[in-house]
Amino acid sequence: MVAGLWTSLRHYIWNLQQPHISHNERRIFDEHGSRSEKKHLKLAYFMFFPPHTTCPQCGHTLTNISRIPVAFFTRDGPFPAYSTSLRCKSDTCGIRYYFNYSVKIDARTCVYYDEAIPEVIHLEEKAFIETSLSELFTTCTLFAWVSAQNSALIYNYALSSYGQCEVKQSHFLLTSTQVRRAFVLVSLLKDWREQGRNIVVREDGDLDSRLKDLICERNDRMIMEGQPERLHACDICEKLIPTDIPNSYKGLRSLRAVVTDGTAVGHYCCKVHNCTIPLANNRHHFCPKHMDQQHSCVFTDCDLPARIGHRTCSTPEHSRYEDYRDTKAKAFFLLRQRLQRVGVQQPQSLDAPSEGGSVDLPDDNGDPAHKSDKGNWPSRVMFSHRTTHNEQLVVCTCGVIAARATMYGAESISGVKDFMKSVYPNPQDLPDVIFYDNNCHLQSHLQAQQDDFFHGTMLPVDVFHFKSKHKESDEFCQKHCNPAQWTELVGTDGEWIFNSSAAEQSNVWIGGYQAVLRDMLAHNFDFFLDEMIKQRNVILVAKLRQEGKAPYCIPPYPSST
């Protein structure tokens, strides 16, 4: 009778909308549905099945059912669920189908289905997450700089009833790793859908190493193609001004402006200056190529091997400084130093270096709450990790970030020049105005190199830095970089027509991620920042469109190389 009713009504039942039941009804359903001794007959309110019952490759019926209990993380909290997979019974096919993807057993490859972004992501073998929940975490990170760790804590203690339960329920506690993996998977799925491609992942190894291949491929493509808003323009960052150019439209021409500047966020990198080879992990101080230098003295101008159990060589000046530094790390030394700051004198420590053997170095992070009384002295020793120098941005004067690059050793003039050429490989794509706080040295460098790539571009110093950071006695700067010399930059009301401080404002936003970014490896760092910039640009462009600022992307010219 049951079989007959199901045969008659199953199509109607499957097309019904999912009913809304109370939390208690759901608990009863899960409790009784899990009582079956046969795993493939266990039930829960949330069930995840493959989208196929026959193999799309060979047409055979899918059998060999496998069902496992999983945790399903939703915006209403975590719930128990079951995940079912089916395998093609054909011996030549050998494909097992899961909720989001299929796995070809022999080839050890995982292929995500060619479909729209799913509402639920198969996160791990025993964990699923709502796409909307992952996007909520991403939005919190975008607007409030919330880390993956804090997102997981907020979820577990604000949305989950398992936040303070016993350890036996720990599989219902969301982890920071799961938050990060969900961000990566959703971002990759969106990106590959935009490219019209399917994600193919090798099945061997742990999930993070498999995702690394996809992340690096995405990072390489971002370097080659740039952000989608690389050639952004709108009524704020592009103005129409009068011109005498023949055949111009109504006697007007466009004037587009961007700002480039560096912001002091970075990731750990090899201690060899300007080495761009990534570290194998964050515990290393050198890349695989320079790993032989890990046992050298930490003084940058010394090539001698370090003493066994120490970080410095046997040179008395170097070994004495290491001993002094170890003493400074003790709490009593730090507290006594703060007493001296307020005028309370203490006897000189016997373990400090004497005046005759003192080392000409700054305080090595002795008291992070205060700068050294000696000022910002250049350091000649590196006990801790080296970090990249800064992130260089190109920001349209409306606030849209057009490009980003990592400067490893320094924000050098030649590095900035090469960065701008990579963003705009054809001179005809260059904006009409590029504000930069060091344009005086950039122009001097271009003249010395006889480089005319930027010949048709105005290169003024932004208004803030020109007034406060550049000397009036610098004739070259006053002659070539004073923004007032270009009358096109001033409107009829006497005000500047562009916001030349746009990069400083974007730097504040990116600077909020310092705590989130500092422990990331290079590939995760690049992927995270590029994705945050991309999503921020989407929101800004939508806002510009709502305000009637007519945002659009300029069609690129073919590369000149």
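Basis of the calculations
- Residues numbered from 1 in each chain as written.
- Predicted model: local features only at pLDDT ≥ 70, side-chain atom pairs only at ≥ 80, totals over all residues.
- Heavy atoms only, no water.
- Helix = DSSP H or I, 4+ residues; strand = E, 2+ residues; numbered from the N terminus.
- Buried < 20%, exposed > 50% of the residue type's maximum accessible area, 1.4 Å probe, protein only.
- Areas by Shrake-Rupley, 256 points an atom, 1.4 Å probe, with all protein chains shown as cover.
- Phe/Tyr/Trp six-rings, centres within 6.5 Å; stacked < 30°, edge-to-face > 60°.
- Lys NZ or Arg CZ within 6 Å of the ring centre and 35° of its normal.
- Axes fitted to C-alpha atoms, helices over the stretch in contact; angles between N-to-C directions.
- Left-handed = near helix turned anticlockwise from the far one by under 90°.
- Contact = heavy atoms within 4.5 Å.
- Nonpolar A, V, L, I, M, F, W, Y, C, P; charged D, E, K, R; others polar.
- Pairing = 2+ DSSP bridges.
- Expected span 1.5 Å × (residues − 1).
- Arc of directions from axis to C-beta.
- Salt bridge = Lys/Arg side-chain N within 4 Å of Asp/Glu carboxyl O.
- Disulfide = S-S within 2.5 Å.
- Parallel < 35°, antiparallel > 145°, perpendicular 65-115°, else oblique.
- pLDDT = per-residue confidence, 0-100.
- Polar contact = N/O pair within 3.5 Å; in protein donor to acceptor, adjacent residues only side chain to side chain.

The protein carries the name CxC6 like cysteine cluster associated with KDZ domain-containing protein in an unreviewed UniProt entry, which gives Lentinula guzmanii as its organism.

## A look at the overall build of the protein
Secondary structure assignment for the protein yields 15 helices and 18 strands. In the protein, buried positions account for 44% of the 561 residues. Accessible surface, the protein as shown: approximately 31,100 Å² in total, 53% of it carbon and sulfur.

## Describing the packing of aromatic side chains
Within this structure, the stated rule accounts for 18 aromatic pairs. Considering the side-chain rings of Y101 and Y112, the 5.3 Å spacing of their centres and the 55° angle between planes classify their relative orientation as tilted. Placement of the pair is Y101 in strand β5 (residues 101–104) and Y112 in strand β6 (residues 109–112), with a sequence separation of 11 residues. When its relative accessible area of 10% is taken as the criterion, Y112 is described as buried. Each ring, one from F299 and one from Y321, has its centre 6.2 Å from the other, and the planes form 85°; the classification is edge-to-face. With F299 in the loop between β13 (268–269) and α7 (316–328) and Y321 in helix α7, this pair connects stretches of sequence that are 22 residues apart. Taking relative accessible area as the criterion, F299 reaches 1% and is therefore assigned buried. Among the aromatic residues, those joined into a ring-pair cluster are Y45, F46, F48, F72, F79, F99 and F128. Directly above the aromatic system of F383 lies the positively charged group of R325, at a separation of 4.0 Å from the ring centroid.

## A few points about the packing of helix α5 (residues 176–194) against helix α15 (residues 522–546)
Where α5 meets α15, the axes come as close as 12 Å, and the angle between the chain directions of the two elements is 65°. Pair α5 / α15 crosses with left-handed handedness. In this structure, α5 contributes F183, V184, S187, L188, D191 and E194 to the contact, and α15 contributes F527, F528, E531, M532, K534 and Q535. Residues belonging to the contact of α5 with α15 are distributed by class as follows: six nonpolar, two polar and four charged.

## Some thoughts on the environment of I401
Here I401 is to be found in strand β16 (residues 401–407). Expressed as a C-alpha distance, the spacing of I401 and I533, which sit 132 residues apart in the sequence, is 6.8 Å. When neighbours within four sequence positions are excluded, I401 is seen to be in contact with L393, V394, V395, S506, W509, I510, I533, R536 and N537.

## A word on the pairing of strand β12 (residues 252–263)
Counting buried residues in β12 gives nine out of 12 residues, a clear majority hidden from the surface. Here strand β11 (residues 238–242) runs beside β12; their pairing, made up of five bridges, is antiparallel. Bridging from a neighbouring strand, K239 pairs with L255 of β12. Sheet analysis places β12 next to strand β17 (residues 433–436), joined by four bridges and oriented parallel. For V259, the partnering residue across the bridge sits in β17 and is F435. Pairing geometry for β12 and strand β15 (residues 390–396), over six bridges, is antiparallel. Looking at β15, one finds that T260 is bridged to V394.

## Some remarks on helix α4 (residues 148–159)
For an α-helix, the turn length of 3.6 residues means that residues three or four places apart are oriented alike. End to end, α4 covers 16 Å across 12 residues, agreeing with the expected 16 Å (1.5 Å per residue, within 8%). All buried positions along α4 are accounted for by S151, A152, Y155 and N156. All buried residues of α4 fall inside an arc of 125° around its axis, so they share one side. Seen from the buried face of α4, the exposed residues on the opposite side, beyond 90 degrees, are I154, Y157 and A158.

## Things to note about the pattern of salt bridges
Tallied over the full model, the rule gives 19 salt bridges. E391 is paired through a salt bridge with R404; the nearest N and O atoms lie 2.5 Å apart. Separated by 13 residues along the polypeptide, E391 in strand β15 and R404 in strand β16 bring together distant segments of the chain. A relative accessible area of 0% means that E391 is categorised as buried. Residues joined in a network through salt bridges with shared partners are D191, E194, R218, R221, E531 and K534.

## Concerning unusual backbone geometry
Here W145, not a glycine, exhibits a phi torsion of approximately 55°, which is positive. Within the secondary structure, W145 sits in the loop between α3 (131–144) and α4. Phi at Q450 takes a positive value of approximately 55°, unusual for a residue other than glycine. Tracing the backbone through its elements, the reader meets Q450 in the loop between α10 (439–449) and α11 (463–469). You can call Q450 exposed: its relative accessible area is 72%.

## Section: the state of the cysteines
On inspection of all chains with the given rule, the structure shows zero disulfides. Between C269, a cysteine without a disulfide, and C270, which holds the nearest cysteine sulfur, the sulfur-to-sulfur distance is 7.2 Å. With no disulfide of its own, C553 has C396 as its nearest cysteine by sulfur position, at a separation of 9.0 Å. Owing to a relative accessible area of 36%, C553 belongs among the partly exposed residues under this scheme.

## Observations regarding the environment of P78
Tracing the sequence through the fold places P78 in strand β3 (residues 77–88). Separated by 93 residues in the primary sequence, P78 and H171 have C-alpha atoms spaced 9.5 Å apart.

## Brief notes about the packing of helix α9 (residues 413–423) against α10
Interhelical geometry of α9 versus α10 gives an angle of 80° and a closest axis separation of 10 Å. The angle between α9 and α10 falls in the class roughly perpendicular. When α9 is examined against α10, the residues I413, S414 and K417 are found in contact with a partner set consisting of H441, L442, H445 and L446.

## Regarding the confidence of the model for the protein
Averaged over every residue, the pLDDT of the protein is 84; the share at 70 or more is 85%. Segment residues 348–360 is flagged for pLDDT under 50; beyond a separation of four residues in sequence, or across chains, it makes 14 contacts in the model. Here residues 362–379 is a poorly scored stretch, pLDDT under 50, and it has 25 contacts once near neighbours within four places are set aside; other chains count.

## Quick notes on the side chain of T74
Mapped onto the secondary structure, T74 falls in strand β2 (residues 62–74). Its relative accessible area of 3% is what places T74 among the buried residues. Looking at T74, its side chain comes within polar contact range of the main-chain nitrogen of D76, at 3.1 Å. Setting aside residues no more than four positions away along its own chain, T74 makes contact with F79, E130, L133 and Y155.

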